[in-house]
Amino acid sequence: MTNPLALVVDDEPDICELLAITLERMNIETETCGNIATAKDRLSSRDYHLCLTDMRLPDGDGLELVEWIQDQGLRLPVAVITAHGNVETAVRALKLGAFDFISKPVDLQDLRKLVESAMRLSTASEGEARLLGESAAINDVRRMIAKVARSQAPVHISGESGTGKELVARMIHEQGSRHDQAFVPVNCGAIPSELMESEFFGHKKGSFTGAVSDKPGLFQTAEGGTLFLDEIGDLPLAMQVKLLRVIQEKAMRPIGQPDEIPVDVRILSATHKDLSALVKAGQFREDLYYRINVIELNVPPLRDRDDDVFLLSETILLRLAAVMQIPVPILDKVARAKLAAYHFPGNVRELENVLERAVTLCENTTIQDADIQLRGDTEEPDQTVATTGLGDALHDVERAAIMKALEETRFNKTAAAKKLGLSLRALRYRIQKLNID
């Protein structure tokens, strides 16, 4: 098996030599050239596994080469060598499709990490996470996932509640170079503000009352992999400042530790809120917004996904039948029409809740119109209603129906199941899920 081949584009011979020696020690063969024109000729005539290019070249800049590589459809990762602290140039490079960037003077340890990560791209696969659907909108999302997965750029995933933003983040991770490392999801709105710094950065034993042992933070848990910050719009401003510094410096300091430690994680974030509106309102830092939103990926609502609702319904019903150990239910014509006409403000999560309840209460294995209970069939959907609220309401109705059947049959579960049109196994499953005593 031949070694991978890299192309280094820099007009400084000393830099070329340093990079070539480092790469060759990693068993990567290296060719060098000093300008964009020669680089394009080389890339057109040979297959390379990696390209490292300086920003300032005699006949242009490295961003032009990055853009050309993307236009040619070449799948090799390209990294840009930028001047120290030139964040704007680094962000532009990532937006154009660069895999990553490294600053001068080049830190050889950072360079080796970058190269190792780039080489792992060739072993990445589609992963286990799947985005179901055949609509044009969801196919656009798949293409975008494949594109951003080949980069180290921070990606902000926007979309309404229940659209599957965490699933999209997981797919980006699984198709990228960090696929064999940890994927760590965290809901920023679920962490009490007084515990945030410890949760994110960890702490040393004795650093505060109750710190009885060393505790690694989320960044340490995700080291080498991906940290997914869900509902990032809920972060308090004080925490936003600390997060920005970690992203900029790629280093952090656990509570009670005098020295900073390096951080190597890819940041993916998501929110159902309008971050730009929060920036204007002074509730979200503008500098952090631009650092996490290098690339934005919008997940479409279910109502914009054509007939995907039926494909999703079939998959959900298959899963429910397997869990409940019952024949796979089917939707009758009227029930299908009812689902098709509804706008699903809670999106895929709401569809799952509606079908789970319908399966529990339907007679035999056919789901009818009456089994599909939606909030306000004729009213306009309220985008601000929390999906969890819908789920709680549905569970309350379901719990009441099951309790009524149990009471009417003097808590004979076999008779109650028959009364509800369920198998005994299905009723037991619902009783356990709903915590009915």
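Look above for the structure.
Definitions and cut-offs
Residues numbered from 1 in each chain as written. Predicted model: local features only at pLDDT ≥ 70, side-chain atom pairs only at ≥ 80, totals over all residues. Heavy atoms only, no water. Helix = DSSP H or I, 4+ residues; strand = E, 2+ residues; numbered from the N terminus. Buried < 20%, exposed > 50% of the residue type's maximum accessible area, 1.4 Å probe, protein only. Polar contact = N/O pair within 3.5 Å; in protein donor to acceptor, adjacent residues only side chain to side chain. Arc of directions from axis to C-beta. Pairing = 2+ DSSP bridges. Axes fitted to C-alpha atoms, helices over the stretch in contact; angles between N-to-C directions. Contact = heavy atoms within 4.5 Å. Phe/Tyr/Trp six-rings, centres within 6.5 Å; stacked < 30°, edge-to-face > 60°. Lys NZ or Arg CZ within 6 Å of the ring centre and 35° of its normal. Parallel < 35°, antiparallel > 145°, perpendicular 65-115°, else oblique. Left-handed = near helix turned anticlockwise from the far one by under 90°. Nonpolar A, V, L, I, M, F, W, Y, C, P; charged D, E, K, R; others polar. Expected span 1.5 Å × (residues − 1).

Caption draft 1: Region of the structure containing the environment of Ser 44. Assignment of secondary structure puts Ser 44 in helix α2 (residues 36-45). Relative accessible area serves as the criterion here: at 57%, Ser 44 is assigned to the exposed category. Of the polar contacts made by the side chain of Ser 44, one reaches the backbone oxygen of Lys 40; its length is 2.7 Å.

Caption draft 2: The arrangement of helix α17 (residues 413-420) in detail. Those residues of α17 that fall on the buried side of the exposure criterion are Ala 416, Ala 417 and Leu 420. Take α17 and look down its axis: the buried residues cluster within an arc of 100 degrees, on one side only. Relative to its buried face, α17 has exposed residues pointing more than 90 degrees away, namely Thr 414, Lys 418 and Lys 419. Between the side-chain oxygen at the start of α17 and the backbone nitrogen of Thr 414 there is a gap of 3.1 Å, and the oxygen is on Asn 412.

Caption draft 3: Spatial organisation of the sheet that holds strand β8 (residues 155-158). Across the sheet, which stays open at both edges, the five strands sit in the order β9-β10-β13-β8-β14 with parallel pairing between neighbours. The two strands at the open ends of the sheet, each matched to only one other strand, are β9 (183-187) and β14 (295-298). Adjacent strand axes in the sheet meet at a mean angle of 20 degrees when their direction is disregarded. With four bridges connecting them, β8 and β14 associate as parallel partners. Residue pairing for β14: Ser 158 is matched across the bridge by Asn 298. Of the strands in this sheet, β8, β13 (266-271) and β14 are in contact with helix α6 (residues 136-149), which crosses β14 at around 155 degrees.

Caption draft 4: Examining the sheet that holds strand β3 (residues 50-54) more closely. In spatial order, the strands read β2-β1-β3-β6-β7; together these five strands make up an open sheet with parallel pairing. Every interior strand has two partners, whereas the edge strands, β2 (29-33) and β7 (100-103), have only one. Averaged over all pairs of adjacent strands, the angle between their axes in this sheet comes to 20 degrees, without regard to strand direction. Helix α3 (residues 62-71) contacts β1 (5-9), β3 and β6 (78-82) of the sheet and is inclined by roughly 150 degrees relative to β3.

Caption draft 5: Layout of unusual backbone geometry. Residues Lys 104 and Pro 105 are joined by a peptide bond in cis, for which omega reads -5 degrees. Relative to the assigned elements, Pro 105 resides in the loop between β7 and α5 (108-119). The phi angle at Asn 27 is positive, at roughly 65 degrees, despite the residue not being glycine. Tracing the backbone through its elements, the reader meets Asn 27 in the loop between α1 (13-25) and β2. A positive phi angle, near 55 degrees, is found at Arg 410, a position not held by glycine. Relative to the helices and strands, Arg 410 is located in the loop between α16 (387-408) and α17.

Caption draft 6: Structural view of the packing of aromatic side chains. Here the structure, examined in full by the defined rule, presents six aromatic pairs. When the centroid spacing of 6.4 Å and the interplanar angle of 45 degrees are considered together, the rings of Phe 200 and Phe 219 count as tilted. Here Phe 200, found in helix α8 (residues 196-201), pairs with Phe 219, found in helix α9 (residues 218-221); they are 19 residues apart in sequence, far enough to count as distant. The same class applies to Phe 200 and to Phe 219, which are both buried. Cluster of aromatic residues (ring-pair linked, three or more members): Phe 200, Phe 201 and Phe 219. The ring of Phe 101 carries the charged tip of Lys 250 above its face, separated from the ring centre by 5.2 Å.

Caption draft 7: Examining the packing of α17 against helix α18 (residues 424-433) more closely. Viewed as axis vectors pointing N to C, α17 and α18 meet at an angle of 100 degrees, and their least axial separation amounts to 9 Å. By the criterion of interaxial angle, the relationship of α17 to α18 is roughly perpendicular. When α17 is examined against α18, the residues Lys 413, Thr 414, Ala 416, Ala 417 and Leu 420 are found in contact with a partner set consisting of Leu 424, Leu 427 and Ile 431.

Caption draft 8: Up close: the packing of helix α13 (residues 308-324) against helix α15 (residues 347-361). Interaxial distance between α13 and α15 falls to 10 Å at its minimum, and their mutual angle equals 50 degrees. Viewed along their axes, α13 and α15 adopt a mutual orientation that is oblique. For the pair α13 and α15, the crossing hand works out as right-handed. Side by side, α13 and α15 meet where Val 309, Leu 312, Ser 313, Ile 316, Leu 317, Arg 319, Leu 320 and Met 324 of the first sit next to Val 348, Leu 351, Glu 352, Leu 355, Glu 356, Val 359 and Thr 360 of the second. Considered class by class, the residues forming the contact of α13 with α15 number 10 nonpolar, two polar and three charged.

Caption draft 9: Layout of α15. For α15, which comprises 15 residues, the first-to-last C-alpha distance of 22 Å matches the rise-based estimate of 21 Å (1.5 Å per residue) to within 8%. Judged by how many residues are buried, α15 sits mostly within the fold: 13 of 15 residues are covered.

Caption draft 10: Layout of the pairing of β3. Here β3 lies mainly inside the structure; five of its five residues are buried. Alternating residues of β3 divide into Leu 50, Leu 52 and Asp 54 and Cys 51 and Thr 53, and every residue in both groups is buried. One ladder, built from four bridges, connects β1 with β3; its direction is parallel. Each residue of the ladder has a partner; that of Leu 7, found in β3, is Cys 51. Examined bridge by bridge, β3 and β6 share four bridges and lie parallel to one another. Bridge pairing in β6 links Cys 51 to Val 78.

In short, shape yes, function no, at least from these values alone.
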